[in-house]
Amino acid sequence: MVKTWLKAAGIRAAKTIAQTAVAMLPAAATIVQVDWITVIGTAALAGAASILTSVAGLPEVNAK
């Protein structure tokens, strides 16, 4: 059960990280102007928040 939860939570976190990073890119006029430290930090924080909210339960795991 723990292995299944870790896999599902990891997939959700990875998707959240990618979505957050992509959402932050249009804030800069060009790719050179992107503050990559901020993008990476914000995406990592979103991933951590995703893992924490997954503690409450995941439908993918609970359905099985």
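The shown structure was predicted, so the numbers you read here are calculated from the model rather than taken from an experiment.

Caption draft 1: Summary view of the overall build of the chain. Assigned secondary structure in the chain consists of 3 helices and 0 strands. Computed over its C-alpha atoms, the radius of gyration of the chain comes to 14 Å, more than 25% above the 11 Å expected for a compact globule of 64 residues. By principal-axis analysis of the C-alpha atoms, the chain measures approximately 45 × 15 × 15 Å. Within the chain, the proportion of its 64 residues that are buried is 20%.

Caption draft 2: Here's a closer look at the side chain of Thr20. Its place among the elements puts Thr20 in helix α1 (residues 2-24). With a relative accessible area of 18%, Thr20 lands in the buried category. Those residues in contact with Thr20 that lie beyond four places of it in its chain are Thr42, Ala43 and Ala46.

Caption draft 3: Structural view of helix α2 (residues 36-54). Taking 1.5 Å as the rise per residue, α2 with 19 residues should run 27 Å; its terminal C-alpha atoms sit 27 Å apart, in good agreement. Those residues of α2 that sit buried are Val39, Ala43, Ala46, Gly47, Ser50 and Ser54. Along the axis of α2, the buried residues cluster in a sector spanning 100 degrees; they form a single face. Residues of α2 that are exposed and angled more than 90 degrees away from the buried face: Ile37, Leu45 and Leu52. In this structure, the buried residues of α2 make contact with α1.

Caption draft 4: A look at the environment of Arg12. Topologically, Arg12 is positioned in helix α1. Classification of Arg12 by relative accessible area gives partly exposed; the value is 33%. The contacts of Arg12, once residues within four sequence positions are left out, are Ser50, Ser54, Leu58, Pro59 and Glu60.

What counts, and where the lines are drawn
Residues numbered from 1 in each chain as written. Predicted model: local features only at pLDDT ≥ 70, side-chain atom pairs only at ≥ 80, totals over all residues. Heavy atoms only, no water. Helix = DSSP H or I, 4+ residues; strand = E, 2+ residues; numbered from the N terminus. Rg over C-alpha atoms; globule rule 2.2 N^0.38 Å. Buried < 20%, exposed > 50% of the residue type's maximum accessible area, 1.4 Å probe, protein only. Contact = heavy atoms within 4.5 Å. Expected span 1.5 Å × (residues − 1). Arc of directions from axis to C-beta.

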